[in-house]
There are 4 protein chains.
Amino acid sequence: MKISQNHIQDTNKSGLQSHKENFDFLANNLSKKGANVEAIVSKLKDFQVAIPSWALGAGGTRFGRFSFYGEPSSLEQKIQDIGLIHSLTQTAGAVSLHIPWDIPQDYAAVKELANGLNIKFDAVNSNTFQDQKDAKETYKYGSLSNTSEAVRQQAIQHNLDVINIGNQLGSKSLTVWLADGSCFPGQNNFQTALQNTENSLKEIYKGLPADWSMLIEYKPYEPNFYSTVIQDWGTSFMLANACGEKAYSLVDLGHHLPNSNIEQIVSVLMLKGKLGGFHFNDSKYGDDDLTVGSIKPYALFLIFNELVYGMQNNPQNPDLAWMIDASHNVKDPLEDLIQSLEAIQEAYAKALLVDQAELKAAQLNNDVVKCQEILQDAYRTDVRPLLAEARRLAGGALSPINAYRALGVRDTLIEERGKHTVATGL
Amino acid sequence: MKISQNHIQDTNKSGLQSHKENFDFLANNLSKKGANVEAIVSKLKDFQVAIPSWALGAGGTRFGRFSFYGEPSSLEQKIQDIGLIHSLTQTAGAVSLHIPWDIPQDYAAVKELANGLNIKFDAVNSNTFQDQKDAKETYKYGSLSNTSEAVRQQAIQHNLDVINIGNQLGSKSLTVWLADGSCFPGQNNFQTALQNTENSLKEIYKGLPADWSMLIEYKPYEPNFYSTVIQDWGTSFMLANACGEKAYSLVDLGHHLPNSNIEQIVSVLMLKGKLGGFHFNDSKYGDDDLTVGSIKPYALFLIFNELVYGMQNNPQNPDLAWMIDASHNVKDPLEDLIQSLEAIQEAYAKALLVDQAELKAAQLNNDVVKCQEILQDAYRTDVRPLLAEARRLAGGALSPINAYRALGVRDTLIEERGKHTVATGL
Amino acid sequence: MKISQNHIQDTNKSGLQSHKENFDFLANNLSKKGANVEAIVSKLKDFQVAIPSWALGAGGTRFGRFSFYGEPSSLEQKIQDIGLIHSLTQTAGAVSLHIPWDIPQDYAAVKELANGLNIKFDAVNSNTFQDQKDAKETYKYGSLSNTSEAVRQQAIQHNLDVINIGNQLGSKSLTVWLADGSCFPGQNNFQTALQNTENSLKEIYKGLPADWSMLIEYKPYEPNFYSTVIQDWGTSFMLANACGEKAYSLVDLGHHLPNSNIEQIVSVLMLKGKLGGFHFNDSKYGDDDLTVGSIKPYALFLIFNELVYGMQNNPQNPDLAWMIDASHNVKDPLEDLIQSLEAIQEAYAKALLVDQAELKAAQLNNDVVKCQEILQDAYRTDVRPLLAEARRLAGGALSPINAYRALGVRDTLIEERGKHTVATGL
Amino acid sequence: MKISQNHIQDTNKSGLQSHKENFDFLANNLSKKGANVEAIVSKLKDFQVAIPSWALGAGGTRFGRFSFYGEPSSLEQKIQDIGLIHSLTQTAGAVSLHIPWDIPQDYAAVKELANGLNIKFDAVNSNTFQDQKDAKETYKYGSLSNTSEAVRQQAIQHNLDVINIGNQLGSKSLTVWLADGSCFPGQNNFQTALQNTENSLKEIYKGLPADWSMLIEYKPYEPNFYSTVIQDWGTSFMLANACGEKAYSLVDLGHHLPNSNIEQIVSVLMLKGKLGGFHFNDSKYGDDDLTVGSIKPYALFLIFNELVYGMQNNPQNPDLAWMIDASHNVKDPLEDLIQSLEAIQEAYAKALLVDQAELKAAQLNNDVVKCQEILQDAYRTDVRPLLAEARRLAGGALSPINAYRALGVRDTLIEERGKHTVATGL
């Protein structure tokens, strides 16, 4: 299935007049306060977030998975799904491949398909947290950190293979999420594990093409429940520094201990020029992988406030690889992704509304009440007309969710693919 | 200092035209969606939150307290301070006394003062977590739960005294926050402590006037750091049931373990007809007592969504005693309270916008995406014009913070009271 | 495979002399302090913990599962595995069946098998958190709490079927772990979900044989990541009270929010006569299901201290159903269970050493230092000789782990069953 | 009051015989397993922990403080108190001064006093989290991180003054605990705050004598409740690296988010040669500052296991500055410290029992069960006879708590000092 511009324009028609009124009213109000509405809308239009290839099917937990209908059963169908979302939202113009789940069979065909849907190939992801069928070595006790050189070599080689695959598609970065760690005190030696990891990462780093970057993810726990080798930003940062200037930290919103101040971590990494990637999701308890913005939208805004600040003030930091990393256990995965994309754009738009000069002045004045008023004024603004305008200008839907339903996308996919297909992945 | 209606109208003048435009535009949009805007504004206007008598001065931590200027040094000045906030916000029409910090000297005068400022006397609060000068018994090892009958009797009598004080002022409820617990494993016997507490509460309950209620607060830790006798809603609920129908649980937002689902607790207590009081604040780590809505405004909205649902669907539950229970460590206490009141009204207004019928239909349909859209649609609405309209109709300020500053309230208070006054309390 | 008494005595031989010396030395020391060593050893000997039928194979996480060799592939083999553990430890004399994973084909044969191994049938467990093949209704949006009556009826009927199965085997209780809840705010109505759950539980309760009990488990989150219907002991307790005197709460150590004081919950439930069952495991972050005592052995001791106190002082509370509920991701499941059983016995033995009279005196005296000394004195005692003696007297191994390895149990199982068998379960 | 050797020997007399038996039995058992008991006892004897000058009086919370009797009211009396503990435990041979609470009046006299009690002057601590009377600038909005240069200069100068004081006493390190941060989002600019802090620390670092080190403490929250400038080990480590080779991180057990794996942090810092100091206490919820080992003794053991490993394998790491940093709210401060010292020695002794070679072999073999057995074997050993022996050899009490009580220390102190003295500090 492919959604044509005509279809989108048709679904937009009925809401166009009221959108225009809302947008004009808001734009007028914001302009009076000094905001450059046109520039903000333009930034929203340019902002693109990658969809991971594993996120197009229903997710699950260790207690099982409830099936969903019409899931994509091939990489091509996954890219088509992203194409559907992108046509409606105009903000999902990239795919992030997970290897070995989604190794292309025909590179040229896959690239052509993605190209036709305006989808770029963003960071590629390796997998050394599961054993693959017929693998010689097992990752049960670790991969890049394993005490066995043979296991480490297999894991290193896998990462090099992933780089090679990504390179053929136009990707420019490798994301390494390392699940390595231990389930019980004493199981591994923290120092040995860290040193092995550093050495393994350096081997992979050597294989990076000149214009690539390596993104090192961190996470405090799960799937290991006592220790994780790269447990926090400090460890990731240390390893990125050890590898070299093309190595960066990657922040995943769900990968923190309770009550962490994530926005401060983001800010510090950007100051140091070491924030390379960002994974969006939301959570209440652990790495719950819920829809972005569904639980703590204000925290998301505060994080975006730091991201915007860094993008404006930290030239030492590279462009970021943005990706949604959520699991869709009880929703249509495509609708879930649309809701995530909307929440991301909303937080971005509100952060762009913060008057940074005024904020700085209030901070220098220790006017804490004013500082809070400035952030809350931006946050309390209903920015949905700005998002709709950005989509409209780019040819997307005024309301992607409504359009998705009006166009009967899921029913068409079920018709095309059958009910009981299952996407590869977790 | 007292703020006259004229002064408020003056400060409103310049913003009135733009307020009217914003309100009309929003009201029109909401009406089209089916909302009864007039009814919502009316509810906002009626909603009153008590200010505790200890919250008018600067707060601190165990590491010390930084002073603030022009603090009230008597109960009368505290009530005047609340009068100032109430005149601007029209939503702080009550005071909640803390005994023994604020025992009236002249009841008639205090009542007349409050009456003149449209301030009611809400729940009275006892204090058995500190030793008072010349007290016969010490609460170091507990009060209502103490193994010593003499200590328990002193604590019971204090609560009866507090009821007596409140009764003379027109209060209708007693809030019991019991800090009792232990700092080390083994220090007390959980069962004995609970039974003593139950018996002591029953004694106090016997002294309740017929039209009074007793509100039993719970808290997991602090100032005791191993166990707390009334550690959670389950314990509070059990004790309230044991005491009788005039005993209720009281929820304080900061009194929960990390990641608690507070809105569910609120909902269950209202279903059982046992939610009697509610303390507002916000927090990131523990009982941080920050400005309401400053950290997790979406959680506050979700809680209000349950409160509104309960107020509409649970006739078995009584009217609630609302109070702000925050500490003002780095802000002008009065400005801090104004920000809290604004955040409360905002969450309430958004909750009132939720289309309950539509939500119920989506829930019955297991349309999880739609359920989320309904809540987020309400939450994303910029309801500030509704709040301003409610205040305007009640004679308050369009923007209380701006008016407070424009009227130079703090400077006047410093002039009247001197710089280095210190409010009683923590 | 079956381990004979002869084999066990053989493995014990070399350590017997040193065991005797250690035991005598310890017993002498303890006796001097006033402990009744014989009585303690006798209690340890009598203490039996059920092994759940799903715990004999390797566990996993949502990120996958690493295989283990020689897993049992039938209920009979699972019971044999428990028999192996029990013969070595003499403390695993019960099995807890999970339905529908382990429905007996031939009841008489299964009973005879278990009987021959001295294994009783403890609580039976229902499963309404997964859809079974060919099930008419799906539990994706809940089971006992579902808004659809048909779904609730299917879930109720399943529980009644489980009772029926258990009844044929000699079980006397049903454990209901209800995963029902929601992943997103708004997804369900808290009050409706709770009321449906209460009504469903009452239906199941009606089907309980006269000498059975129903154990209601609680858990704050997972597999649902926003809310869980039975989120805490307070909810479980309320539901148990609503159902009747044969309904009890069940505590699982991993089912609490961070920093919960579990021992206090245990104590309060026993005081109220409502603690019916207990699931052992350990965890650092969430419901990690690690080996008992591997992370927080002192907390386990403190909990046992309350259990022992309750067993001695709360005749209103029934005998408890004890079970290990852990997941074996990186260890041989049988070795893991042996380690868990050892840790349970250790905590129990230490709790039995606490001088309750002395503790009570210190508590009444508010001698906090002494209270701590009393608990720590018991905890710091090396009680392993007591455990070994209890096992020896019952015909078990002095060191179960060493015996397990010396006897080459796993190798024999692999030989008998083949390498790549997979146990049913998660 | 001073405790003489004669008094101690007297109190030891009655327990000597039974101690000898217990020690011999244990030593014999351990020797059979390959442990070098003499070497372990010798290490225990050499291990000295500093007592901070603020810990000799009763502590409190933001809700108040319950008084205790006979508190020291001068620096001299504080040092005498430490002398009392040291004479009994022989493991508290150092004091850590807090400035400005404990500035010596007469340096020579104070040094002579300490010298006579075998007490060294360990790290000195600065205080920029409180305003001192007559201070020109306020730290309300930060000190080393403040946006005002004048405030930063005042804070830098204070630290230089503290170095100067310490230098006159023989201290060799400065501990900087920086409470700076913010209570509300937007209050400060994370990047500016961090850069100001780094620059301020570099200024202080310039003033360090050649043989001194600077210890940089971190803490996630409190007294600031939204953000803290040095929020975690990663930030502290980054700042220490920026300052130079004499700057190190300092770990305080209570300064971590819930569920942190502290032992891994310790291990990584030692690998990098950057762990300079260590503060002992225990906690269940936040920075509760409870008696060491009173809540999570196994975690303490695991941390000591890494400390011992690092001391044996990481020559790149300096000797550590050890200190107890607890608050004594419900116990006699001296008894509380004695319990803490005992718990520290216990954890240290158990860590020394771990067979590192065997552990390494099991780790290389991925024998997770064995790894756990090795750690638990050490942990489950009752090492109290080793501690008593080390104390006996050094001239201390077999049981310090019992001796303290038998000698009537507190009563004598009350007699000497009066009941209602109050120690300076929090």
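Throughout what follows, the structure given in this document is the object of discussion. (Residues numbered from 1 in each chain as written. Chains lettered and ligands numbered in written order. Predicted model: local features only at pLDDT ≥ 70, side-chain atom pairs only at ≥ 80, totals over all residues. Heavy atoms only, no water.)

Another point: unusual backbone geometry. Geometrically, the link from Glu222(B) to Pro223(B) is a cis peptide bond, its omega value of 10 degrees lying close to zero. Within the secondary structure layout, Pro223(B) lies in the loop between strand E7 (213–217) and strand E8 (227–228). At Asp289(C), a position not held by glycine, the phi torsion is positive, near 55 degrees. Turning to its location among the elements, Asp289(C) is positioned in the loop between strand E10 (275–280) and helix H9 (297–313). (Helix = DSSP H or I, 4+ residues; strand = E, 2+ residues; numbered from the N terminus.)

Often the size quoted for an interface is simply the accessible area lost on bringing the parts together. Each side of the interface is counted separately: chain A has 38 residues, and chain B has 39 residues. Summing the contributions of chain A and of chain B, the shared interface buries around 3,500 Å²; its carbon and sulfur component is 46%. If you sort the residues of chain A by the area they bury against chain B, Asn259(A), Val369(A) and Arg380(A) come out on top, with a joint share of 21%. For the interface between chain A and chain B, the tally reads 17 residue pairs in polar contact (both at pLDDT 80 or more). Mapped onto the side of chain A that touches chain B, the elements with two or more residues apiece are helix H1 (5–32), helix H9 (297–313), helix H10 (333–353), helix H12 (368–380) and helix H14 (400–406) of chain A. Among the elements that take part in the side of chain A that touches chain B, H12(A) stands out by supplying 9 residues, more than any other. Grouping the amino acids of the side of chain A that touches chain B by side-chain chemistry returns 11 nonpolar, 12 polar and 15 charged. (Contact = heavy atoms within 4.5 Å. Buried area = accessible area lost by both parts, 1.4 Å probe. Polar contact = N/O pair within 3.5 Å; in protein donor to acceptor, adjacent residues only side chain to side chain. Nonpolar A, V, L, I, M, F, W, Y, C, P; charged D, E, K, R; others polar.)

Turning next to the relation of the copies chain A and chain D. Superposing chain A onto chain D takes a rotation of 180 degrees plus a shift of 0.0 Å along the axis, which leaves an RMSD of 0.0 Å. Each copy turns onto its partner about a two-fold axis. Residues of chain A ranked by C-alpha distance from the rotation axis are headed by Gly234(A), positioned 2.1 Å from it. Taken as a fraction of all interface residues of chain A, those also at the interface in chain D reach 100%, which identifies the copy contact as same-surface. (Least-squares fit on C-alpha atoms with pLDDT ≥ 70 in both.)

Residue and element names in this part refer to chain C. Among the 10 residues in helix H8 (residues 262–271), 10 count as buried, and that is most of the element. Within H8 the residues assigned to the buried category are Ile262, Glu263, Gln264, Ile265, Val266, Ser267, Val268, Leu269, Met270 and Leu271. Capping the start of H8, Asn261 holds a side-chain oxygen 3.4 Å from the backbone nitrogen of Glu263, two or three residues further along. Just past H8, the residue Gly273 takes up positive phi, approximately 70 degrees. (Buried < 20%, exposed > 50% of the residue type's maximum accessible area, 1.4 Å probe, protein only.)

As a rule of thumb, nonpolar side chains are buried together in soluble globular proteins. Ranked by internal contacts, the top residues of the largest apolar core, which has 525 residues, are Phe280(A), Phe280(B), Leu386(B), Phe280(C), Leu386(C), Phe280(D) and Leu386(D). When sequence neighbours within four positions are dropped, the list of residues in contact with Leu386(B) reads Phe23(B), Leu26(B), Leu30(B), Val37(B), Ile40(B), Val41(B) and Leu44(B). (Core = buried A, V, L, I, M, F, W, Y, C linked by side-chain atoms within 4.5 Å.)

This part is about the relation of the copies chain A and chain B. The two copies are related by a screw operation: chain A maps onto chain B through 180 degrees of rotation and 0.0 Å of translation along the axis, at an RMSD of 0.0 Å. Mapped onto chain B, 100% of the interface residues of chain A again fall at the interface, so both copies present the same surface.

On the side of chain D, 50 residues touch chain A, which itself brings 50 residues to the contact. Note on chain A versus chain D: buried area summed over both sides is about 4,400 Å², and carbon and sulfur give 57% of it. Contact with chain D buries area across many residues of chain A, yet Phe190(A), Gln191(A) and Gln264(A) alone supply 15% of it, more than any other trio. One can count 2 salt bridges joining chain A with chain D. For Glu198(A), the salt bridge identified is with Lys272(D), shortest N-O distance 3.7 Å. Applying the counting criterion to the chain A and chain D interface returns 20 residue pairs in polar contact (both at pLDDT 80 or more). Elements with a minimum of two residues in the side of chain A that touches chain D: helix H6 (190–206), strand E8 (227–228), helix H7 (233–243), helix H8 (262–271), H9, helix H11 (356–364) and H12 of chain A. Among the elements that line the side of chain A that touches chain D, the one with the most residues is H8(A), at 7 residues. (Salt bridge = Lys/Arg side-chain N within 4 Å of Asp/Glu carboxyl O.)

Turning to the state of the cysteines, a few remarks are in order. Evaluated as defined, the whole model comprises 0 disulfides over all chains. Here Cys371(A) stays unpaired: no disulfide links it, and the sulfur of Cys183(D), its closest cysteine neighbor, is 13 Å away. Judged by its relative accessible area of 1%, Cys371(A) falls in the buried class. (Disulfide = S-S within 2.5 Å.)

Moving on: the packing of aromatic side chains. Any pair of aromatic rings gets described here by the distance separating the centres and the angle formed by the planes. Applying the stated criterion to the full structure yields 80 aromatic pairs over all chains. Aromatic side chains Phe280(A) and Phe304(A) sit 5.7 Å apart centroid to centroid with 10 degrees between the ring planes, which places their arrangement in the stacked category. Here Phe304(A) lies in helix H9 and Phe280(A) lies in strand E10 (residues 275–280), a separation of 24 residues in the sequence. With a centroid separation of 5.8 Å and 20 degrees between ring planes, the pair formed by Phe280(B) and Trp322(B) is classed as stacked. Here the residue Phe280(B) occupies a position in strand E10 (residues 275–280), and Trp322(B) occupies one in strand E11 (residues 321–324), the gap between them amounting to 42 residues. Ring pairs connect the aromatic residues Phe47(A), Phe278(A), Phe280(A), Phe304(A), Trp322(A) and Tyr348(A), which therefore count as one cluster. One cation-aromatic arrangement involves Lys331(D) over Phe184(B); the distance from NZ or CZ to the ring centre is 3.6 Å. (Phe/Tyr/Trp six-rings, centres within 6.5 Å; stacked < 30°, edge-to-face > 60°. Lys NZ or Arg CZ within 6 Å of the ring centre and 35° of its normal.)

Moving on, we get to the pairing of strand E11 (residues 321–324) of chain D. Where burial is concerned, the two faces of E11(D) agree: the one with Ala321(D) and Met323(D) and the one with Trp322(D) and Ile324(D) are both buried. Chirality of the crossover, the property in question, places the unit of strand E10 (residues 275–280) of chain D, helix H9 (residues 297–313) of chain D and E11(D) among those that are right-handed. (Right-handed = clockwise from strand over helix to strand, strands pointing away.)

A few words on the packing of H8(A) against helix H6 (residues 190–206) of chain D. The geometry of a pair of packed helices is captured by two quantities: the angle between their axes and the separation between those axes. Relative to each other, H8(A) and H6(D) sit at 65 degrees, their axes nearing to 9 Å. Two packed elements cross with a definite hand, and for H8(A) against H6(D) that hand is right-handed. Within the contact between the two elements, H8(A) uses Glu263(A), Gln264(A), Ser267(A), Val268(A), Met270(A) and Leu271(A) and H6(D) uses Phe190(D), Gln191(D), Leu194(D) and Gln195(D). Taken together, the residues that form the contact of H8(A) with H6(D) break down as 5 nonpolar, 4 polar and 1 charged. (Axes fitted to C-alpha atoms, helices over the stretch in contact; angles between N-to-C directions. Left-handed = near helix turned anticlockwise from the far one by under 90°.)

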